[in-house]
Amino acid sequence: MTIAPHTLPPPPIENDVLPQASPDEAFLARLALRRSTKVAHLTAPGPDNDTLDAILRLAARVPDHGKLGPWRFIILSGDSRRSYGAKVAALLSDRGQVKDAERLALEEGRFLRAPVVVAVVFSPVESPKVPEWEQVLSAGAVCYNLLLAANGFGFGGCWLSEWVAYDRDALALLGLTPQEKLAGLIYLGTATEAPLERPRPSASSRITHWQP
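The structure contained in this document is the topic of the report that follows.

Cut-offs used in this document
Residues numbered from 1 in each chain as written. Predicted model: local features only at pLDDT ≥ 70, side-chain atom pairs only at ≥ 80, totals over all residues. Heavy atoms only, no water. Helix = DSSP H or I, 4+ residues; strand = E, 2+ residues; numbered from the N terminus. Contact = heavy atoms within 4.5 Å. Core = buried A, V, L, I, M, F, W, Y, C linked by side-chain atoms within 4.5 Å. Buried < 20%, exposed > 50% of the residue type's maximum accessible area, 1.4 Å probe, protein only.

## Some remarks on the environment of P5
Phase 1: Within the fold, P5 resides in the segment before helix 1 (25–32).
Phase 2: C-alpha separation for the pair P5 and W159, spaced 154 residues apart in sequence, amounts to 22 Å.
Phase 3: Apart from the residues within four sequence positions on either side, P5 is in contact with D50, T51, A54 and F153.

## Thoughts on unusual backbone geometry
Phase 1: A cis amide bond links A44 to the next residue, P45, at an omega of 5°.
Phase 2: Relative to the helices and strands, P45 is located in the loop between strand 1 (42–43) and helix 2 (49–59).
Phase 3: Its identity is not glycine, yet N15 carries a phi of approximately 75°, on the positive side.
Phase 4: Tracing the backbone through its elements, the reader meets N15 in the segment before helix 1.

## Details of the nonpolar core
Phase 1: Core analysis: the biggest nonpolar cluster contains 23 residues, and Y84, F111, L174, L182, L185 and Y187 have the highest contact counts within it.
Phase 2: Those elements that provide at least two residues to this core are strand 2 (71–77), helix 3 (79–95), strand 3 (116–122), strand 4 (156–160), helix 6 (168–174) and strand 5 (181–191).
Phase 3: Counting residues in each nonpolar core, the second largest holds 22 residues, with A59, V120, F122 and A139 among its members.

## Observations concerning the environment of A105
Phase 1: For A105, the position within the fold is in helix 4 (residues 101–108).
Phase 2: On the basis of relative accessible area, A105 is assigned to the partly exposed category, the value being 44%.

Here you go:
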């Protein structure tokens, strides 16, 4: 079953009354079994433009102290995925870091592993009231919400960073300013197989009930 983006409620405006929390068994079941799709298991089709717009609208509905919106999106799709991969490969070649043709070919195809790649950019905002750390957390919440929204539309997603997230030259090629960082590259597409559960830390082993 496919879900059309226009079936979502329209974006609320400031001071609209929103639904209160209520029990939702299906929602809880989806969270209980949430699992990312390995990037090797993503293929076409990916979300079309209207669906991607809806996914990003949902992704942006995150806690955001001060209403700063300290994040933005850069979309890699179609030929732009290959173009950015070529620039990244050329960067490594020009530096002399990579001379192996096979590795350079891998870099050229890095962003072709899924039909759509969303770069979630952390864009800190100067604020006397909101520490940068809280803004970082908001950007991380956007990445996770993006995965959930894509899953709700029936697409698999994988949140990666890899070396390009920490290379200022590679980030500049993507259009980031020196003050910005990459919160994540979210690869989106259709899953070719069902994901398998992986080892996970036990939440109960990390719970402490504070006592005075």
